[in-house]
Amino acid sequence: MAKIAIDGPAGAGKSTIAKAVAKELGWIYVDTGAMYRAIGLAALREGIVIKEQISEIEAMLPEIELRLRYENSVQRILLNGEDVSEAIRTPEASVAASDVSAIPAVRAAMLTQQRNIAEQENVVMDGRDIGTVVLPDAELKVFLTASAHARAKRRCKELMEKGQQVVFADVLKDIEYRDKQDSGRAVAPLQQAEDAILVDTTHLTLEQSIESVMNLVRTKL
Ligand code: DC
């Protein structure tokens with residue numbers, strides 16, 4: 001099966017771009033961040049203080065069943081049968097996702113599931129460690145980035161369009177917190193794979209960003 005890996009920090013445009021590429025190719029898009037978000041949400045609902053109760057998270061893992069489902073090529077995520085695709089998008093779930101994603105047992109469980117999906121389908125998979133750890137033999141690896149300021153601005157716009165009330169400084173703080181934690185953790189940190197192609201979208205519109213990744217797809221595949 002063929003694979004495209006798209007990695008990068010929060011808010012770089014990975015999911016929108018990965019979705020567009022998957023649609024163009026007729027492949028499935030796998031949002032691995034949603035999986036960490038669902039685990040984070042499960043921990044929040046259990047009242048677990050993630051950074052202090054690692055063993056509780058580890059004990060919770062065997063009880064969790066995560067399933068990805070596709071409706072008109074749109075990924076939905078089910079946590080023990082409940083569709084949590086919207087519930088995982090809150091700022092609290094973002095922080096919880098980043099916190100649980102630093103736990104090795106969580107990463108090991110996600111890795112197996114992500115590789116299984118990529119064995120069965122042609123995938124465009126996005127995340128933090130796809131090119132480096134999950135799919136090191138991907139045909140194309142893109143490392144998508146943009147300045148923290150530009151990413152926070154985009155994220156604000158996106159949240160406001162969904163009707164959420166947001167303060168720019170809070171969104172920027174959340175992005176900086178996750179950047180630091182996702183890049184600094186010991187296991188599978190956010191890192192550009194040696195053979196990944198860097199695309200900096202700070203000064204690109206979304207259309208231009210999609211086009212530059214599509215150009216890479218056309219030359220590489
Ligand atoms: O892509 P996202 O913002 O939905 O991801 C949420 C968090 O999950 C992110 O802060 C880091 C973590 N994550 C990860 O560690 N590895 C991945 N492959 C995807 C996400």
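1. Here we look at the environment of Met125
Right, on to step 1. Tracing the backbone shows Met125 in strand β6 (residues 123-127).
Right, on to step 2. Under the relative-accessibility criterion, Met125 is labelled buried at 0%.
Right, on to step 3. For the pair Met125 and Ala97, spaced 28 residues apart in the sequence, the C-alpha separation amounts to 17 Å.
Right, on to step 4. Excluding its chain neighbours within four sequence positions, the residues that come into contact with Met125 are Ile4, Ala5, Ile6, Val30, Thr32, Gln114, Ala118, Ile130, Val134 and Leu135.

2. As for the packing of helix α7 (residues 148-161) against helix α8 (residues 168-184)
Right, on to step 1. Taken N-terminus to C-terminus, the directions of α7 and α8 make an angle of 125°; their axes are 9 Å apart at the nearest point. With respect to α8, the axis of α7 lies oblique. Crossing handedness for the pair α7 and α8: right-handed. Mapping the contact onto sequence places Ala148, His149, Arg151, Ala152, Lys153, Arg155, Cys156 and Leu159 in α7 and Phe168, Val171, Leu172, Ile175, Glu176, Arg178 and Asp179 in α8.

3. Overview of the sheet that holds strand β4 (residues 74-79)
Strand pairing within a sheet occurs via backbone hydrogen bonds; the two strands may be parallel or antiparallel.
Right, on to step 1. Taken in spatial order, the three strands of this open sheet run β3-β4-β5, and their pairing is antiparallel. Strand pairing shows two members of the sheet lacking a second neighbour, β3 (66-71) and β5 (82-83), which therefore form its edges.

4. Concerning the pairing of β6
Each regular strand displays side chains that alternate between the two surfaces of the sheet.
Right, on to step 1. Burial analysis of β6 places five of its five residues in the buried class, the great majority of the element.
Right, on to step 2. Burial along β6 is two-sided: the face carrying Val123, Met125 and Gly127 and the face carrying Val124 and Asp126 are both buried.
Right, on to step 3. Two strands pair when backbone bridges link them, and strand β1 (residues 3-7) and β6 are joined in this way by five bridges, in the parallel orientation. For Asp7, the partnering residue across the bridge sits in β6 and is Gly127.
Right, on to step 4. Where strand β2 (residues 28-31) meets β6, four bridges bridge the pair, whose relative direction is parallel. Bridging across to β6, Val30 finds its partner in Met125.

5. Here we look at α8
Given 3.6 residues per helical turn, the α-helix brings residues three or four places apart onto the same face.
Right, on to step 1. Between its terminal C-alpha atoms α8 stretches 24 Å, which fits the 24 Å expected from 17 residues at 1.5 Å a residue.
Right, on to step 2. Its buried side turned inward, α8 meets α2 (32-45), α4 (91-100) and α7.

6. Focus: the nonpolar core
The nonpolar side chains of a soluble globular protein tend to be buried with one another.
Right, on to step 1. Counting 25 residues, the largest nonpolar core has Ile39, Ile57, Met60, Leu66, Ile77 and Val106 as its most contacted members.
Right, on to step 2. Within the residue set of this core, elements represented by two or more residues are α2, α3 (54-60), β4, α4 and α5 (104-120).
Right, on to step 3. Looking at this core element by element, the count peaks at eight residues for α2.
Right, on to step 4. Excluding residues that lie within four positions of it along the chain, Ile57 makes contacts with Ala43, Ile48, Ile50, Val100, Ile103 and Val106.
Right, on to step 5. Within the second largest apolar cluster, 19 residues are counted, among which are Ala12, Ala18, Val142 and Leu216.

7. Looking at the site of the ligand
Right, on to step 1. Taken together, 15 residues lie near the ligand, and Arg37, Arg107, Asp129, Asp182 and Arg185 sit nearest.
Right, on to step 2. The contact in question runs from an oxygen atom of the ligand to an N or O atom on the side chain of Ser101, over 3.3 Å.
Right, on to step 3. Between Arg107 and the ligand, the recorded distance is 2.8 Å, taken from a side-chain N or O atom to an oxygen atom.
Right, on to step 4. Within the complex, the protein chains bury 97% of what would otherwise be the 450 Å² of accessible surface of the ligand.
Right, on to step 5. Elements with a contribution of two residues or more to the shell around the ligand: α2, α4 and α8.
Right, on to step 6. The leading source of residues in the shell around the ligand is α2, at four residues.
Right, on to step 7. When the residues that make up the shell around the ligand are grouped by side-chain class, the tally is three nonpolar, five polar and seven charged.

8. Regarding the layout of surface pockets
Right, on to step 1. As a volume, the second largest pocket reaches approximately 160 Å³.
Right, on to step 2. Lining of the second largest pocket is provided by Ile28, Leu66, Arg67, Leu68, Tyr70, Gln113, Asn116, Ile117, Gln120 and Glu121.
Right, on to step 3. Elements with a minimum of two residues in the lining of the second largest pocket: β3 and α5.

How each quantity is defined
- Residues numbered from 1 in each chain as written.
- Predicted model: local features only at pLDDT ≥ 70, side-chain atom pairs only at ≥ 80, totals over all residues.
- Heavy atoms only, no water.
- Helix = DSSP H or I, 4+ residues; strand = E, 2+ residues; numbered from the N terminus.
- Buried < 20%, exposed > 50% of the residue type's maximum accessible area, 1.4 Å probe, protein only.
- Contact = heavy atoms within 4.5 Å.
- Axes fitted to C-alpha atoms, helices over the stretch in contact; angles between N-to-C directions.
- Parallel < 35°, antiparallel > 145°, perpendicular 65-115°, else oblique.
- Left-handed = near helix turned anticlockwise from the far one by under 90°.
- Pairing = 2+ DSSP bridges.
- Expected span 1.5 Å × (residues − 1).
- Core = buried A, V, L, I, M, F, W, Y, C linked by side-chain atoms within 4.5 Å.
- Near = heavy atom within 4 Å.
- Polar contact = N/O pair within 3.5 Å; in protein donor to acceptor, adjacent residues only side chain to side chain.
- Areas by Shrake-Rupley, 256 points an atom, 1.4 Å probe, with all protein chains shown as cover.
- Nonpolar A, V, L, I, M, F, W, Y, C, P; charged D, E, K, R; others polar.
- 1 Å grid on protein atoms, 1.4 Å probe; cavity = no way out; pocket = protein on both sides within 12 Å on 5 of 7 lines; lining within 4 Å.
- Points joined across faces, edges and corners; volume = space filled by probe spheres on them.

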